[in-house]
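Spelled out, the chains give:
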Amino acid sequence: MAFPQPRPGPAELPRRLVRSIECGQGAVRAARFNADGNYCVTGGSDKTLKLWNPRKGTLLRSYLGHGYEVLDAAGSFDNSQLCSGSADKTAALWDVAPGQVLRKFRGHAGVSDAGTPAGVAPRAAVTRCPLPPQKVSSVQFNEEATVIVSGSIDSSVRCWDCRSRRPDPVQVLDEAKDGVSSVKVSDHEILAGSVDGRVRRYDLRAGELYSDYVGSPVTCVCFTKDGQCVLVASLAAPLRLLDKDTGEMLGEYSGHHSSSCRLDCVLSERDTHVGCASEDGAVYFWDLVEGSLATRLPVGRGAVQSLAFHPAQPVLLAATGATLQLWDSGTEEGDAAT
């Protein structure tokens, strides 16, 4: 006879600042948990990646190899590899233990200072997301860590085979009309947010492209844990929750400041709350269903540049300036689990 699972307790949110780490990387451009949430990686404006134990504030290893600032990073499912994207127009594959670059993928096109690919006539003036030129803005592994998916200001998403020695991407998705600011990957889908105001979802099994227009430059996109919805952050607009299949707007969340910076959005570990960084130095969390503001975390004085939510616990990473902060729920269970 199988016993029923215990009823889950009420959802917790990060509310207590546990640790503040001066990363020594210039501005921290990205902060990401590894697959199990025990460690994290930061990318800095000083061209480095750093691996941390955020609970203890311990630096475990530094990774050198990019020519310009590191703008995004992600870890593989087994924690043995990292991938990173940089303003040097490359995506890199790293071996975590020795700290060596295994591969560099250089296929993203360079762009002019105006953000337009060389040789292409400038587009009509539009509201632009402030992404530096010549950059790989977002990177993700697939589930098996055999492919790296990268999004760039060159308006393309490219898929790189980590096992092959070929220098060219195995697939190029170039439907975006402006820079790609954010990519996420599920078992069979690629989600891409673009400065052209569209969220594109590529169903790799069916070979289909689905596109939703949100009206302002997209800065970050996320899948919900159940894979049924998409969370979208964009400039000068509320955070939006969309039905993945129909594009119907299920919720709007407002109160944060988002006028000029590229800001991350997150979902809590149980999909009960949505969160977004803000230019006023805070992180805002709303109840996903009700849309009401649940909490505001005072992180710093400047814009919060990066967010990451723990995969299984109510624990948050927030980066502002040169500082990385770890927040948790302050409960005994959260303390023990972390």
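Please read all numbers here as calculations on a predicted model, not as lab measurements.

Draft legend 1. Spatial organisation of the overall build of the protein chain. When helices and strands are counted, the protein chain shows one helix and 28 strands. When the 338 residues of the protein chain are sorted by exposure, 55% land in the buried category. Sequence-distant contacts in the protein chain: of pairs separated by 6 or more residues, those separated by 24 or more amount to 45%. Counting every atom, the protein chain has about 14,600 Å² of accessible surface; 49% of that belongs to carbon and sulfur.

Draft legend 2. Focus on the side chain of Asp88. On the secondary structure map, Asp88 appears in the loop between strand E7 (81–86) and strand E8 (91–95). A distance of 3.0 Å separates the side chain of Asp88 from the side chain of His66, its partner in a polar contact. Reaching out from Asp88, the side chain makes a polar contact with the side chain of Thr90 at a distance of 2.6 Å.

Draft legend 3. Just the sheet that holds strand E26 (residues 306–309), in detail. The strand order E1-E28-E27-E26 describes an open sheet built from four strands, whose pairing is antiparallel. The open sheet has two edge strands with one neighbour each: strand E1 (16–22) and E26. Here the strands of the sheet are splayed against their neighbours by 20° on average, with no regard to which way each runs. Examined bridge by bridge, strand E27 (residues 316–320) and strand E28 (residues 323–328) share five bridges and lie antiparallel to one another. The residue bridging Leu317 from the neighbouring strand is Leu326, located in E28.

Draft legend 4. Spatial organisation of the side chain of Arg103. On the secondary structure map, Arg103 appears in strand E9 (residues 100–105). Within the buried core, Arg103 has no salt-bridge partner, and the shortest N-O distance to an opposite charge, that of Asp161, equals 6.6 Å. Reaching out from Arg103, the side chain makes a polar contact with the backbone oxygen of Arg166 at a distance of 3.0 Å. Aside from chain neighbours lying at most four places away, what touches Arg103 is Ala91, Ala92, Leu93, Asp161, Cys162, Ser164, Arg165 and Arg166.

Draft legend 5. Quick look at the sheet that holds strand E20 (residues 239–243). Here four strands make up an open sheet; going across it, the order is E18-E19-E20-E21 and the pairing antiparallel. The open sheet has two edge strands with one neighbour each: strand E18 (218–223) and strand E21 (249–253). For this sheet, the mean inter-axis angle between neighbouring strands, taken without regard to orientation, is 20°. Where strand E19 (residues 229–234) lies against E20, four bridges are found, and the strand directions are antiparallel. Across the sheet, the residue bridging to Val230 is Leu242, located in E20.

Draft legend 6. Representation of the UniProt feature "repeat: WD" (unreviewed entry) in the protein chain. Within this structure's numbering, the places UniProt gives as "repeat: WD" (unreviewed entry) are residues 21–62, 63–104 and 136–161. Taken as a whole, residues 136–161 contains 0% helix and 65% strand, while its terminal C-alpha atoms sit 17 Å from one another.

Draft legend 7. Representation of the pattern of salt bridges within the structure. Using the criterion set out here, one finds 14 salt bridges in the structure. Measuring nitrogen to oxygen at the nearest pair gives 3.7 Å for the salt bridge that ties Asp161 to Arg163. In this structure, the salt-bridge partner of Glu189 is Lys244, at a minimum N-O distance of 3.1 Å. Here Lys244 lies in the loop between E20 and E21 and Glu189 lies in strand E15 (residues 189–194), a separation of 55 residues in the sequence. Both residues of the pair, Glu189 and Lys244, count as buried. Ionic contacts of the salt-bridge type, sharing partners, join the residues Glu189, Arg201, Lys244 and Asp245 into one network.

What counts, and where the lines are drawn
- Residues numbered from 1 in each chain as written.
- Predicted model: local features only at pLDDT ≥ 70, side-chain atom pairs only at ≥ 80, totals over all residues.
- Heavy atoms only, no water.
- Helix = DSSP H or I, 4+ residues; strand = E, 2+ residues; numbered from the N terminus.
- Buried < 20%, exposed > 50% of the residue type's maximum accessible area, 1.4 Å probe, protein only.
- Contact = heavy atoms within 4.5 Å.
- Areas by Shrake-Rupley, 256 points an atom, 1.4 Å probe, with all protein chains shown as cover.
- Polar contact = N/O pair within 3.5 Å; in protein donor to acceptor, adjacent residues only side chain to side chain.
- Pairing = 2+ DSSP bridges.
- Axes fitted to C-alpha atoms, helices over the stretch in contact; angles between N-to-C directions.
- Lys, Arg positive; Asp, Glu negative; His and termini not counted.
- Salt bridge = Lys/Arg side-chain N within 4 Å of Asp/Glu carboxyl O.
- UniProt positions renumbered as here; feature names shortened; annotations may be inferred.

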